[in-house]
Amino acid sequence: MDMIISSSAALLSARNGITSQVGLLWQQTKAPLIAPLLRILLFVCLALSFMLFVERLYMGIVIAFIKLLRRKPEKNYKWEPMKKDDLELGNSSYPVVLVQIPMYNEKEVYQLSIGAACNLSWPANRIFIQVLDDSTDPAIKALVEKECSRWASKGINIKYEIRDNRKGYKAGALKEGMKHSYVKLCSHVAIFDADFQPEPDFLERAIPFLVHNPEIGLVQARWEFVNADECLMTRMQEISLGYHFTVEQEVGSAIHAFFGFNGRLPNSPKYSFGTAGVWRMSALNEAGGWKDRTTVEDMDLAVRAGLNGWKFVYVGNLKVKNELPSTFKAYRYQQHRWSCGPANLFRKMAMEIATNKKVSVWKKFYLIYSFFFVRKIIAHIVTFILYCVVMPATVFVPEVQVPKWGAIYIPSAITLLNVLGSPRSMYLVVYWILFENVMSLHRTKATFIGLFESGRVNEWIVTEKLGDALKTKMGTKAHKKLRFRVGERVHLLDLFVGLYLWFCGWYDFSFGKSRFHVYLFLQAAAFFVVGFGYVGVFVPNS
């Protein structure tokens with residue numbers, strides 16, 4: 001017994017000794033090394049956060065003036081409706097339009113998109129509808145081809161096009177589609193992803209901008225989400241995208257006549273890249289056409305066309321229905337692509353933009369600093385590094401104090417400016433903040449992959465679309481029966497960050513005086529929820 005007591009005492013003494021040594025080492029390195037390093041990181045993050053705040057404030061002021069002065073595209077540019085007499089006669093004054101619908105195993109939505117395109121109000125002899133099917137599932141290919149044949153039998157000028165490889169993914173499909181002989185007859189091309197459903201008057205409202213204003217190269221519509229209320233995750237996306245469409249696209253169009261061909265900016269998530277817009281064919285060709293050097297082929301095209309002097313118009317009251325990803329797996333892959341792609345494109349085009357001689361210095365500054373650096377680099381990195389790494393770490397180093405303006409005022413102002421685009425979701429703002437901070441981990445990782453061209457830089461996984469799948473599989477009361485996706489996959493990185501934040505919160509609650517623990521515990525809980533897969537919806541397999 002004495003030996004056991006003696007061994008226990010020795011073990012306890014050894015543990016105390018190790019703890020004392022670790023504590024002594026921490027005290028010896030904290031002041032001369034840890035504190036200065038943390039202070040530098042905090043200073044850099046606060047500076048970047050302030051840059052982001054200035055950018056948001058600038059856009060907020062501009063959009064306020066736009067709304068007060070009621071500056072609409074129809075007033076800023078010449079716009080006259082197509083004459084109905086011409087429509088009845090099939091008059092040649094109507095330009096020939098190509099409608100492209102790229103698809104990849106879109107079993108749930110192919111009928112919706114093809115049907116919407118075939119119902120567009122435009123003279124039948126002045127439109128070509130081109131379904132670009134890259135599906136690898138023979139059964140789905142057969143269904144899509146059958147649907148095209150069905151509409152062709154009704155007199156619709158629809159073409160079903162396939163290729164023997166998926167080189168270049170969506171960009172490759174669009175590029176291949178341009179090689180067909182009938183495309184040479186077209187002066188404009190409208191592009192819709194497989195889940196997008198334009199209203200019948202879409203072309204009648206968009207094409208006049210291009211017909212009457214030869215300097216305009218692109219007309220972009222706003223997206224309207226049919227499943228925004230499907231689950232909490234889709235509501236979070238609606239908040240981010242509401243800001244993107246209500247503010248970012250409006251400001252870019254009104255002030256600079258430039259914006260990304262709808263790519264969502266992932267702290268806003270920027271959405272599906274390059275869709276619900278109409279290009280002037282000459283602008284597209286002059287810019288070099290579609291390139292597959294990045295996963296944001298549409299943003300690539302938009303930047304190149306913008307550098308050639310073409311103007312872009314965003315029409316906020318022209319809406320196209322589509323759906324948001326409602327499973328976390330689909331959303332995570334989408335966000336990786338939308339964060340990695342722009343960062344990689346910035347790496348490839350920064351010098352090209354800086355040395356361009358066709359546009360003004362102001363526009364080049366806007367592209368490099370505002371469009372790319374602040375919105376697509378800083379917005380992701382500073383959110384994660386400051387609020388999930390540096391600020392939590394300060395609870396261990398009381399010598400480093402986070403100023404109130406950096407911890408409360410600026411984040412609050414940025415948040416308020418962001419949620420203005422979705423007033424109906426204001427009450428979800430706390431959930432949105434926590435969710436965006438979680439997603440900033442994945443966006444930051446993807447941004448660095450894009451900047452350094454490593455790992456999954458060119459990974460392309462098509463965003464899963466469910467269409468009416470949930471309604472079909474879960475009955476007419478699907479919205480009441482939706483279940484969270486529980487434990488489908490454990491995300492270790494999210495769990496690790498959650499543990500770090502929880503430990504920081506516990507330490508602050510027990511020994512600290514900063515009172516950050518309330519935020520830290522909430523943010524840790526958000527990382528745990530995502531880490532264990534309790535986010536998004538569950539879709540039955542049968």
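Just so it is clear, the structure is predicted and the values come from calculations on it, not from any experiment.

## A word on the overall build of the chain
Part 1 of the reasoning: The secondary structure content of the chain amounts to 18 helices and eight strands.
Part 2 of the reasoning: Buried positions account for 55% of the 542 residues belonging to the chain.
Part 3 of the reasoning: For the chain, the exposed area adds up to about 24,400 Å²; of that, 62% sits on carbon and sulfur atoms.

## Overview of the side chain of serine 253
Part 1 of the reasoning: Tracing the backbone shows serine 253 in helix α8 (residues 232-256).
Part 2 of the reasoning: With sequence-adjacent residues up to four places away left out, serine 253 is seen in contact with Phe258, Phe259, Phe312, Val313 and Tyr314.

## Some details on the UniProt feature "transmembrane region" (unreviewed entry) in the chain
Part 1 of the reasoning: Mapped onto the present numbering, the UniProt feature "transmembrane region" (unreviewed entry) falls at residues 40-66, 366-387, 407-435, 490-510 and 516-539.
Part 2 of the reasoning: The annotated region residues 40-66 carries 100% helix and 0% strand content, and the separation between its end C-alpha atoms amounts to 39 Å.
Part 3 of the reasoning: Strand forms 0% of residues 490-510 and helix 90%; the C-alpha atoms that close the span are 30 Å apart.

## What to know about the environment of methionine 391
Part 1 of the reasoning: Tracing the chain through its elements places methionine 391 in helix α12 (residues 361-393).
Part 2 of the reasoning: Relative accessible area serves as the criterion here: at 4%, methionine 391 is assigned to the buried category.
Part 3 of the reasoning: Through-space distance from the C-alpha of methionine 391 to that of phenylalanine 516 is 8.6 Å; in sequence the pair is 125 residues apart.

## Brief notes about unusual backbone geometry
Part 1 of the reasoning: With a phi close to 50°, asparagine 105 is a non-glycine residue in the positive phi region.
Part 2 of the reasoning: Mapped onto the elements, asparagine 105 comes out in the loop between β1 (97-103) and α4 (110-118).
Part 3 of the reasoning: You can call asparagine 105 partly exposed: its relative accessible area is 24%.

## Some remarks on the environment of tyrosine 534
Part 1 of the reasoning: Summarising the element assignment, tyrosine 534 is placed in the segment after α18 (517-531).
Part 2 of the reasoning: In the structure, tyrosine 534 is positioned 45 residues away from arginine 489 in sequence and 9.3 Å away in space, judged by C-alpha atoms.

## Some points on helix α17 (residues 492-510)
Part 1 of the reasoning: Helix length check: α17 (19 residues) gives 27 Å between terminal C-alpha atoms against 27 Å at 1.5 Å per residue, within 8%.
Part 2 of the reasoning: Those residues of α17 lying buried are Asp494, Leu495, Val497, Gly498, Leu501, Cys504, Gly505 and Asp508.
Part 3 of the reasoning: The elements touched by buried residues of α17 are α12, α14 (429-452) and α18.

## Observations concerning the pattern of salt bridges
Part 1 of the reasoning: In total, this model carries 17 salt bridges according to the counting rule given.
Part 2 of the reasoning: With a shortest N-O distance of 2.7 Å, arginine 293 and aspartate 300 are connected by a salt bridge.
Part 3 of the reasoning: Judged by relative accessible area, which is 0%, aspartate 300 ranks as buried.
Part 4 of the reasoning: Here the salt bridges do not stand alone but share partners, grouping Asp229, Arg235, Glu238 and Arg424 into one network.

## Observations concerning the nonpolar core
Part 1 of the reasoning: Judged by nonpolar contacts, the single largest core of 94 residues is most densely connected at Val99, Ile114, Phe202, Leu203, Trp279 and Val303.
Part 2 of the reasoning: Non-local contacts of valine 99, meaning those with residues more than four positions away in its chain, are made with Ala117, Leu120, Ile127, Phe128, Ile129, Gln130, Ala190 and Phe192.

## Some details on the packing of aromatic side chains
Part 1 of the reasoning: Applying the stated criterion across every chain, the model contains 26 aromatic pairs.
Part 2 of the reasoning: Between the aromatic rings of phenylalanine 245 and tyrosine 314, the centroid separation amounts to 6.4 Å while the plane-to-plane angle is 25°, which identifies the pairing as stacked.
Part 3 of the reasoning: Arranged with centres 5.9 Å apart and planes meeting at 20°, the rings of tyrosine 331 and phenylalanine 435 form a pair that is stacked. You can see tyrosine 331 sitting in helix α11 (residues 328-355) and its partner phenylalanine 435 sitting in helix α14, a full 104 residues away along the chain. For the pair tyrosine 331 and phenylalanine 435, one class covers both residues: buried.
Part 4 of the reasoning: Ring-pair connections join several aromatic residues into one group, and the members of that group are Phe196, Trp223, Phe225, Phe245, Phe258, Phe259, Trp279, Phe312, Tyr314, Phe346, Phe371 and Phe372.
Part 5 of the reasoning: When the ring centre of phenylalanine 371 is taken as reference, the NZ or CZ atom of lysine 376 above it lies at 3.5 Å.

## Let's talk about the side chain of serine 339
Part 1 of the reasoning: With respect to the helices and strands, serine 339 occurs in helix α11.
Part 2 of the reasoning: Engagement of the side chain of serine 339 in a polar contact is seen with the backbone oxygen of glutamine 335, the distance being 2.9 Å.

The rules behind the values
- Residues numbered from 1 in each chain as written.
- Predicted model: local features only at pLDDT ≥ 70, side-chain atom pairs only at ≥ 80, totals over all residues.
- Heavy atoms only, no water.
- Helix = DSSP H or I, 4+ residues; strand = E, 2+ residues; numbered from the N terminus.
- Buried < 20%, exposed > 50% of the residue type's maximum accessible area, 1.4 Å probe, protein only.
- Areas by Shrake-Rupley, 256 points an atom, 1.4 Å probe, with all protein chains shown as cover.
- Contact = heavy atoms within 4.5 Å.
- UniProt positions renumbered as here; feature names shortened; annotations may be inferred.
- Expected span 1.5 Å × (residues − 1).
- Salt bridge = Lys/Arg side-chain N within 4 Å of Asp/Glu carboxyl O.
- Core = buried A, V, L, I, M, F, W, Y, C linked by side-chain atoms within 4.5 Å.
- Phe/Tyr/Trp six-rings, centres within 6.5 Å; stacked < 30°, edge-to-face > 60°.
- Lys NZ or Arg CZ within 6 Å of the ring centre and 35° of its normal.
- Polar contact = N/O pair within 3.5 Å; in protein donor to acceptor, adjacent residues only side chain to side chain.

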